[in-house]
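Coordinate analysis (summary)
Below, each chain spelled out in residue letters.
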Amino acid sequence: MQLTPSIRSALAAGAAAVVLFTGTGTAVAAPAARPAAPDARPAAGAVATAHSPYGQLRPFAELSAERLATGDLVAAAKWGTDSPIDDPAREREVLNAVAEQARQQGADPAATVRVFRDQIEANKIVQRGLHRRWNADPGQAPTERPDLQQVRKEINRINGALVGALAGSPHARSAPYCAPLLTAAAAKVRHERHLDGLHTVALARSLRSVCAGIRPPAAPGP
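What comes next concerns the included structure.

1. Some words on the packing of helix α3 (residues 88-105) against helix α5 (residues 148-167)
- For the pair α3 and α5, interaxial distance at closest approach is 10 Å and the crossing angle is 35°. Taken as a pair, α3 and α5 cross one another with a handedness that is right-handed. Contact residues: Arg 90, Val 94, Val 98, Gln 101, Ala 102 and Gln 105 in α3; Arg 152, Ile 155, Asn 156, Asn 159, Gly 160, Val 163, Gly 164 and Ala 167 in α5.
- Residues of the contact of α3 with α5, tallied by class, amount to six nonpolar, six polar and two charged.

This is the structure in structure tokens:
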């Protein structure tokens, strides 16, 4: 595969960003509010146009960060109640819904479910981490309880956008440059959103299967 200069520069940026996300998909926690390294972002040549490889992969980092932000709200909604963080019925509902959306949009339902299992686990990392934090320091605990049903409406909206991103990026997600470009995008989103260590770990967890499990295109006929 011939790499364009923009892809080469973004690959280099992705390699630099591995200080946040290892090549195996395991996150390395960063101290809260620690700025990302200046080179841990795509170079200027990697323009995030809708049709560029980076432009197709960056939405996964952005939407995953949005979805993780709902984890804060879910944690607050469940705080001080008997509602468990693990909710198998809700998880099945989400996975069944995104699989059906994937079928309707021509995406691979099995690959979509793998990605959303990671999204769900990442959200639970945030919830558990916040509950530990609030137990250790009750002064940080929320004083208001969000409406969980309203939060779930927002989660469903983000889920739909993620399924659309999956359906629209099969080639970018199966290409050799997927992992470093996605890593660079995640590092930039982490820097822009000032994610703390907890949310940085969760963001890496949420993206683990984006570049995996893509079926190669069928060989052209004779």
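Still more ground to cover, so stick around.
2. Points about the environment of Gln 104
- By the secondary structure assignment, Gln 104 is in helix α3.
- Sequence separation between Gln 104 and Ala 167 is 63 residues; the distance between their C-alpha atoms is 9.7 Å.

3. Some remarks on the packing of aromatic side chains
- Enumeration according to the criterion identifies one aromatic pair in this entry.
- When the ring of Trp 79 is compared with that of Trp 134, the centres are 5.4 Å apart and the planes differ by 80°; the resulting orientation is edge-to-face. In this pair, Trp 79 is assigned in the loop between α2 (53-78) and α3 and Trp 134 in helix α4 (residues 109-136), connecting sequence segments 55 residues apart.
- Look at Trp 134 and you get buried, because its relative accessible area is 8%.

4. So, the nonpolar core
- In terms of nonpolar packing, the biggest core is built from 44 residues, with Leu 57, Phe 60, Phe 116, Leu 203 and Leu 207 touching the most fellow members.
- Where this core is concerned, the elements lending two or more residues are α2, α3, α4, α5, α7 (178-193) and α8 (197-206).
- Formed by five residues, the second largest nonpolar core is a distinct cluster that contains Val 74, Leu 148, Val 151 and Ile 155.

Here is what the cut-offs are and how they apply
Residues numbered from 1 in each chain as written. Predicted model: local features only at pLDDT ≥ 70, side-chain atom pairs only at ≥ 80, totals over all residues. Heavy atoms only, no water. Axes fitted to C-alpha atoms, helices over the stretch in contact; angles between N-to-C directions. Helix = DSSP H or I, 4+ residues; strand = E, 2+ residues; numbered from the N terminus. Left-handed = near helix turned anticlockwise from the far one by under 90°. Contact = heavy atoms within 4.5 Å. Nonpolar A, V, L, I, M, F, W, Y, C, P; charged D, E, K, R; others polar. Phe/Tyr/Trp six-rings, centres within 6.5 Å; stacked < 30°, edge-to-face > 60°. Buried < 20%, exposed > 50% of the residue type's maximum accessible area, 1.4 Å probe, protein only. Core = buried A, V, L, I, M, F, W, Y, C linked by side-chain atoms within 4.5 Å.

Honestly, it's all geometry; don't read function into it.
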